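Commentary on secondary and tertiary structure
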Amino acid sequence: MDAKDSVFSASEKNIFQMMTGFFTSKLLAVGVELDLFTWISAQPRTFTDIQSRFHFAERPCRIFLDTLVSLNLLNCDRGMYRNTPLAEALLVRGRPDFQGPHVQLFDHLYLACDNLKTALCENRPISRDYTYFFEEDRKRADQYSGLMHESSIVPAMVLPQYWDFSESQRVMDVGGGYGRLCLTLVSQFPDLELMLFDLPEVCEEATSFLHTYPSYLTSRIQLHAGNFFQDQLPQGADTIVMMRILHDWPRERVKMLAAKAFAALPSGGHLLIYETFKDQGPSPGDAAFISLLLLLISPGGECRTVEEMRSLLREVGFASVELIPTIYFYGLLVARKA
Ligand SMILES: C[S@@+](CC[C@H](N)C(=O)[O-])C[C@H]1O[C@@H](n2cnc3c(N)ncnc32)[C@H](O)[C@@H]1O
């Protein structure tokens, strides 16, 4: 094989992967929706088991399983299908690293992505499901909040591994959704008080969600309904968390929110910004894809570099800003008020 052939074959492979990339994501989403990997995890299955479980005809079943094998999600050995280690670790419901909710979060934008060119040319969001961006749709919080709530399980659960909340007395989760992070923190830190700040309609849903948990936990969570652009943030917390909030907004709004957090914190308090930063994460493309997601849903959101965030946080008064890399595509930027 000469040099030209080898370059061609590598590029062709690459470009074929790109042109069929949406098949990969859709197959993954269908596998998760069927909960195939959880079911196979219980015991290896034959082709016929799978066919009858999901009522597939023979040809689609064969094509589906062949593609899952080619994607390294299933192995087939002597007629028995098993999860690969990758699928076993990340796609089985109930495992600590279960990625199902993230798969759903991205799959939710599958149809919107069909209009990506419109988003690029017209600089406007395509999906209107994240209703907090659109004043007129505000009352419908259920869909996006449900998706965020599900996909927050793992990031919320691991946050205390990266930041020691036992040093705090009261933490405010700004844009805290239904209260997943608050609940995680009250369960792990018996003396910690929590404040959840979110839009009134989301606080209503949070009340219903938190009601399903014992009151010895939820009595330490205070809900504050408000609009963080129109209202000041309440005082009283020594630590403020903004998890997956700031990358939703254009720079001037991010600066406004950082300034409000600065004003609400006492001296020595911390603002924890927990989201994806452009120059951080296991692979360089991660933040670009999160920005693409934000292009489809938000009027001005994108992932920013740690340096951009650091200079913005200094402009509003924070003294020191430190990045702590965490899991997947999330990082924790810690800003301290002197
Ligand atoms: C992307 S979600 C993140 C939710 C949660 N922190 C998480 O990571 O799962 C953004 C959150 O900010 C809230 N939010 C958006 N605009 C807001 C506003 N103007 N005032 C208060 N909360 C707002 C939304 O309701 C939502 O709960």
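Our structure is the block above this text.
Rules of the game
Every chain is numbered independently, its residues counted from 1 as its sequence is written. Side-chain atom pairs in this predicted model are given and counted only at pLDDT of 80 or more, local residue features only at pLDDT of at least 70, and totals for whole chains, interfaces and linings cover all residues. Numbered from the N terminus, helices here are DSSP runs of H or I no shorter than four residues, and strands are runs of E no shorter than two. Any residue with 12 or fewer other C-beta atoms within 10 Å of its own C-beta is exposed, any with 20 or more is buried, and the rest are partly exposed; the C-beta atoms used are placed from the backbone. Placing C-beta atoms from the backbone, we regard two residues as in contact once those atoms come within 7 Å. Using a C-beta atom placed from the backbone, a residue is described as near a molecule or strand when that atom lies within 6 Å of it. Residues are sorted three ways: Asp, Glu, Lys and Arg are charged, Ala, Val, Leu, Ile, Met, Phe, Trp, Tyr, Cys and Pro are nonpolar, and all the rest, Gly among them, are polar. A pair of strands counts as paired when DSSP detects no fewer than two bridges linking them. Here an angle of 0 to 180 degrees is reported between the N-to-C directions of two axes, which are lines fitted to C-alpha atoms, with helices fitted over the stretch in contact. Under this scheme an angle from 65 to 115 degrees is roughly perpendicular, one under 35 degrees roughly parallel, and one over 145 degrees roughly antiparallel; angles in between are oblique. Each crossing gets its hand from how the near helix is turned against the far one by less than a right angle, where anticlockwise is left-handed and clockwise is right-handed. One nonpolar core equals one set of buried Ala, Val, Leu, Ile, Met, Phe, Trp, Tyr and Cys residues connected by C-beta atoms within 7 Å.

1. A few points about the overall build of the chain
Summing up its helical and strand segments, the chain has 16 helices and 10 strands in all. Overall size of the chain, expressed as C-alpha extent along the three principal axes, is 65 × 50 × 40 Å. The buried share of the chain, taken over its 338 residues, is 35%. A sequence separation of at least 24 residues applies to 67% of the contacts in the chain between residues at least 6 apart.

2. Examining the site of the ligand
Neighbouring the ligand are 17 residues; Tyr132, Ser152, Gly175, Gly177 and Arg244 lie closest to it. Along the lines of polarity and charge, the residues of the shell around the ligand split into 8 nonpolar, 6 polar and 3 charged.

3. Describing the sheet that holds strand E9 (residues 320-325)
Taken in spatial order, the 7 strands line up as E6-E5-E4-E7-E8-E10-E9 in an open sheet, and their pairing is mixed. The open sheet has two edge strands with one neighbour each: strand E6 (221-225) and E9. This sheet shows a mean twist of 20° between the axes of neighbouring strands, independent of strand direction. Of the pairings in the sheet, the one linking strand E4 (residues 170-174) to strand E7 (residues 239-243) comprises 3 bridges and is parallel in character. Opposite Val171, over in E7, you have Thr239 as the bridge partner. This element, helix H11 (residues 180-188), spans E4, strand E5 (193-198), E6 and E7 of the sheet and lies at about 180° to E5.

4. Side note on the packing of helix H14 (residues 251-264) against helix H16 (residues 306-315)
At their nearest, the axes of H14 and H16 sit 9 Å apart, and the two run at 50° to each other. Our classification of the angle between H14 and H16 gives oblique. Remark: the crossing between H14 and H16 carries right-handed chirality. Residues Val254, Lys255 and Ala258 of H14 form the contact with H16, whose participating residues are Leu312, Leu313 and Glu315. Split by residue class, the contact of H14 with H16 holds 4 nonpolar, no polar and 2 charged.

5. Observations concerning unusual backbone geometry
One non-glycine residue, Asp35, lies in positive phi territory at about 60°. Secondary-structure assignment places Asp35 in the loop between helix H2 (21-34) and helix H3 (36-42).

6. Concerning the nonpolar core
The biggest cluster of nonpolar side chains holds 64 residues, and the ones touching the most others in it are Val174, Ile240 and Val241. With 7 residues, the top contributor of residues to this core is helix H15 (residues 285-297). Residues in contact with Ile240, not counting those within four places in the same chain, are Met172, Val174, Ala261, Ala264, Leu265 and Leu271.

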